[in-house]
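What follows is the residue order along each chain.
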Amino acid sequence: MVLATLRRSLLSKARNWAKAPGVTLPDNLPINPAPAHINADISLPWALSLAKTAKRPPLDIAKELASVFSEIHEFSEVGFSPPGFVNLRIQDSALCANVKAVTLDPDSYGRDADGPKTKILIEFVSANPTGPLHLASGRGATLGDALVRVLSRLGREARAEYYVNDAGGRVELLGESIKARYEDKAPPEKGYQGLYLKELASQAPAEARDWDARAWGQYAMEALLAQHKKDMDGFGVHFDRWYRESELFASRAVEKALLFLRERGMVYDKDNAVWLGTAAAEGSEDDKDRVLVKSDGKPTYFLPDIAYHKDKFDRGFTKLIDIWGADHHGYVPRMKAAIAALGHPADSFHAIVHQLIHLFRDQQAVKMSKRAGEFVRLSEVVEEVGRDACRFFFALRTPDSHLNFDLELAKKKSSDNPVYYCQYVHARVCAIFREAVKQGVIEEGEALPGPNARLLTQPEERALLVKIAWFPEILKTVERELSPHPLANFILELAGLFHPFYEKCRVADAANPELSKARLLLCAGVRDVIAQGLGLLGVSAPQKM
């Protein structure tokens, strides 16, 4: 990977330079693409970061760094520009060698060999098994699953988990609600009102007539959980574990977590209740103390949540990522306070709150489900537009932005549809290879030689080579921002660069086999990177469309 090699060389040179003036280099210095008006591939803002501690103008530092970096032979041009950027152009031969490496082992392209081997647990979806999964659950599933895939590609030890809230009073309330539907009565006022319970009630066995509310609740919860698993499987999402809240109580983990907090002096008794004292704690983001055990001796929902996160750390995970729906925004500071109360650093826990999805058809808002009566089921949308469109559309936007999902656009077989646009480029490259075999330019399965840089001289060719080189850095951006949207947009941009190349540069030409093979290898790089990128988003890369 050419950029990983260049990053190491740049940092080594920068460290040696910094020794003389006694400057300390900040961690994680960025390597950014050069803006369009700069004739370069990389633009480094490092001098701007170093100016304060070096007590020198950033442009002077950029000039010195440019001189140092010019010794790296993989760069053909090195320059600097105000207010303090170092601009670097990569040798064409290095870019060509990179694309050859991609095609030799596409499944490992982007792995961060120098990165930390962090053990990360990502918990997502975790919808209460009291109703079907709705459309917003698909957004959380896309986000969590894509992060697990990308972090695993980078070399982190990432695991996916679904937390099943199957304990507490919700079982009885669900049971009362479905029992009422079975008896053709209205559910309790504070019960579950969805018509989906009528469906479940109609599917109950004959002996259900003798069930009490608890038995009905267990039946409904297990049936709904089975549907959750089926929906996630159909959505291409794998969980390493479906962790049940009831497991916490059965193992006495909730009691043990409370005892642990008490031993650390983090809880106190007041008004016959047990409280978590975090409001006055240093660095706490919570504005008040929280009840853990009510005066009747029953735990609040907060205590088992704390016990569950303690269990995550006890299993050896060092970084926890929770993905929650929009209605959980206020829960973030109290969970951060709980993590601190457990004795773990603030940066060991990160909550991602994704925003709502607004569904449209022909510019008209879709509010009702044809079957459920009060929300849109994820399975309905997947059935209508397909898994690929759902996942790609969900991945295109940052989690904290509202998403307008256009059903008709998602079904279009045209370049207006972003997922179709990307998949079509992959299919077109596959068609080019079939045509090359048909013309006798290459044989089926023939290994292509590394392209000679003197053959790929067109600007459209170089643009593709440079874009392919940035793929590993995009994966690191996904990790840094904890969102797959940089990857989805990168694939769109790569697909966009392929079209002018295809229009200008003839690929399969039997009269010019050497140039054809060089361009075929470039096409193979595009094909492989698009396939890898789509795969990390959980989207297919068809060979024919």
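Parameters and conventions
- Residues numbered from 1 in each chain as written.
- Predicted model: local features only at pLDDT ≥ 70, side-chain atom pairs only at ≥ 80, totals over all residues.
- Heavy atoms only, no water.
- Pairing = 2+ DSSP bridges.
- Helix = DSSP H or I, 4+ residues; strand = E, 2+ residues; numbered from the N terminus.
- Phe/Tyr/Trp six-rings, centres within 6.5 Å; stacked < 30°, edge-to-face > 60°.
- Buried < 20%, exposed > 50% of the residue type's maximum accessible area, 1.4 Å probe, protein only.
- Lys NZ or Arg CZ within 6 Å of the ring centre and 35° of its normal.
- Axes fitted to C-alpha atoms, helices over the stretch in contact; angles between N-to-C directions.
- Contact = heavy atoms within 4.5 Å.
- Expected span 1.5 Å × (residues − 1).
- Arc of directions from axis to C-beta.

Where a strand is regular, its side chains alternate between the two sheet faces. Sheet analysis places strand β3 (residues 75–81) next to strand β4 (residues 85–90), joined by six bridges and oriented antiparallel. Counted as the bridge partner of F80 is V86 from β4. A loop of three residues connects β3 with β4, the two strands running antiparallel in sequence.

Here the focus is the packing of aromatic side chains. This structure, assessed with the given rule, holds 25 aromatic pairs. Taking 4.7 Å as the distance between ring centres and 35° as the angle between the ring planes, the aromatic pair formed by F124 and F239 counts as tilted. A residue pair is termed long-range when its members are at least 10 positions apart, and F124 in the loop between β5 (119–123) and α5 (135–154) and F239 in the loop between α8 (213–234) and β7 (241–244) qualify at 115 residues. Taking the relative accessible area as the measure of exposure, F124 reaches 0% and is therefore buried. When the ring of F235 is compared with that of F394, the centres are 6.4 Å apart and the planes differ by 55°; the resulting orientation is tilted. Here F235, found in the loop between α8 and β7, pairs with F394, found in helix α14 (residues 387–395); they are 159 residues apart in sequence, far enough to count as distant. The exposure class assigned to F235 is buried, which follows from its relative accessible area of 1%. Site record: aromatic cluster; members linked through ring pairs are Y301, F302, W324, Y331 and F349. Note that K119 overlies the ring of F317, its terminal NZ or CZ placed 4.9 Å from the centroid.

Our focus in this paragraph is the sheet that holds strand β12 (residues 349–353). Strand order in the open sheet formed by five strands is β7-β6-β5-β11-β12, and the pairing between neighbours is parallel. Either end of the sheet is taken by a strand with one partner, and the two such strands are β7 and β12. Recorded for the sheet is a direction-independent mean angle of 25° between the axes of neighbouring strands. Packed onto the sheet, helix α11 (residues 302–314) meets β5, β6 (157–164), β7, β11 (319–324) and β12 and runs at close to 140° relative to β11. Relative to β12, helix α12 (residues 332–341) is tilted by about 165°, and along the sheet it contacts β11 and β12.

Before going further, it helps to spend a moment on the environment of E383. With respect to the helices and strands, E383 occurs in helix α13 (residues 378–385). Taking the C-alpha atoms as reference points, E383 and G234, separated by 149 residues in sequence, lie 9.7 Å from one another.

Locating E460 in the fold gives a position in helix α17 (residues 459–469). In this structure E460 comes out as buried when scored by relative accessible area, which is 19%. The contact partners of E460, leaving out residues within four places of it in the chain, are P500, F501 and K504.

What follows is about helix α3 (residues 58–69). Compared with an ideal rise of 1.5 Å per residue, which puts twelve residues at 16 Å, α3 spans 16 Å between its outermost C-alpha atoms and is within 8% of the ideal. Within α3, the full set of buried residues consists of I61, A62, L65, A66, V68 and F69. Projection of α3 onto a plane perpendicular to its axis shows the buried side chains occupying an angular sector of 160°, all on one side. Of the surrounding secondary structure, the elements contacted by the buried residues of α3 are α1 (2–19), β2 (42–44), α2 (46–54), β3 and β4.

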